[in-house]
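Coordinates in review
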Amino acid sequence: LYNRRGMTKNHSLLEDAVKNGDYITYLVSDVDGLKKVNDAYGHEGGDTVIIRVANALSTAFPKDAVCVRTGGDEFSVFFVHEQPVNVDAMINLVDHFLDDFNKNSGLPYKAGCSCGYKTAILKDIKELDDMIKEADEKMYAVKSAKKVVRKD
C-alpha cells in the first residue's frame with residue numbers, strides 16, 4: 001500500500017479523471033477495535049489486524065485502485081472508472097475476506113473495518129475535499145452502527 005505521500009504521487013490520475021469526465025470512487029476505512037487488540041495482545045497483534053485489513057482492501061478493489069494507509073488505523077482507496085460500479089459488493093468482499101481470516105486464524109481477536117465511500121463525476125479537483133468528507137461521514141455512521149449492535 002501507499003503511504004500519504006504516495007497519494008499525492010497519484011494526483012495526476014485524479015486530474016485525468018476530472019478532465020475525461022470519468023467516475024471517481026473514494027473510500028475511507030477505519031480498523032475496528034485496534035486499540036483493544038494493541039492493549040491486550042501488543043503491537044504484534046495490532047500489526048496482524050492492520051495487515052489483514054490492508055490485504056482485504058487491496059484484494060477487493062480493482063487492480064488499478066490506489067490503496068493508501070493514511071494513518072495508524074485508517075486507509076483510503078480511490079479508483080477511476082468509466083461506468084458506475086457496485087462498490088457495496090467490493091466492501092462485502094472486504095468483509096468476507098476478514099470473516100474468513102477470523103474463522104481460520106485461531107487468534108483470540110478479530111480483524112475488521114468500517115468503510116464509507118462516495119462515487120462522483122468531479123467537475124473540479126477541488127470538489128474532492130467534499131467527496132472525502134462525505135465518505136468519511138458515511139464511514140463513521142457505519143462504525144457507530146456497529147458499536148450499537150455490539151452493545152445489544
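The coordinates are above.
Residues numbered from 1 in each chain as written. Predicted model: local features only at pLDDT ≥ 70, side-chain atom pairs only at ≥ 80, totals over all residues. Heavy atoms only, no water.

1. A closer look at the environment of serine 29
Checked against the element boundaries, serine 29 lands in strand β1 (residues 23–31). Judged by relative accessible area, which is 2%, serine 29 ranks as buried. Spatially, the C-alpha atom of serine 29 lies 8.7 Å from that of tyrosine 117, the residues being 88 residues apart in sequence. Aside from chain neighbours lying at most four places away, what touches serine 29 is Val53, Leu57, Asp73, Glu74, Phe75, Cys113, Ser114, Cys115 and Met139. Within the structure, serine 29 has its side chain in polar contact with the backbone oxygen of serine 114 (distance 3.4 Å). (Helix = DSSP H or I, 4+ residues; strand = E, 2+ residues; numbered from the N terminus. Buried < 20%, exposed > 50% of the residue type's maximum accessible area, 1.4 Å probe, protein only. Contact = heavy atoms within 4.5 Å. Polar contact = N/O pair within 3.5 Å; in protein donor to acceptor, adjacent residues only side chain to side chain.)

2. Considering the packing of aromatic side chains
This structure, assessed with the given rule, holds 3 aromatic pairs. With centroids separated by 6.4 Å and ring planes inclined at 10°, the aromatic side chains of tyrosine 26 and phenylalanine 78 adopt a geometry described as stacked. In this pair, tyrosine 26 sits in strand β1 while phenylalanine 78 sits in strand β3 (residues 74–81), placing the two residues 52 residues apart along the sequence. Both residues of the pair, tyrosine 26 and phenylalanine 78, count as buried. Summarising the aromatic geometry, the rings of tyrosine 41 and tyrosine 109 are spaced 5.0 Å apart at their centres and angled 45° between planes, so their arrangement reads as tilted. Taken together, the residues span a long stretch of sequence, with tyrosine 41 in helix α3 (residues 34–60) and tyrosine 109 in the loop between α4 (87–104) and β4 (113–121) at a distance of 68 residues. Tyrosine 109 sits in the buried class, given a relative accessible area of 10%. Between lysine 138 and the ring centre of tyrosine 117, over which it is positioned, the NZ or CZ distance is 5.7 Å. (Phe/Tyr/Trp six-rings, centres within 6.5 Å; stacked < 30°, edge-to-face > 60°. Lys NZ or Arg CZ within 6 Å of the ring centre and 35° of its normal.)

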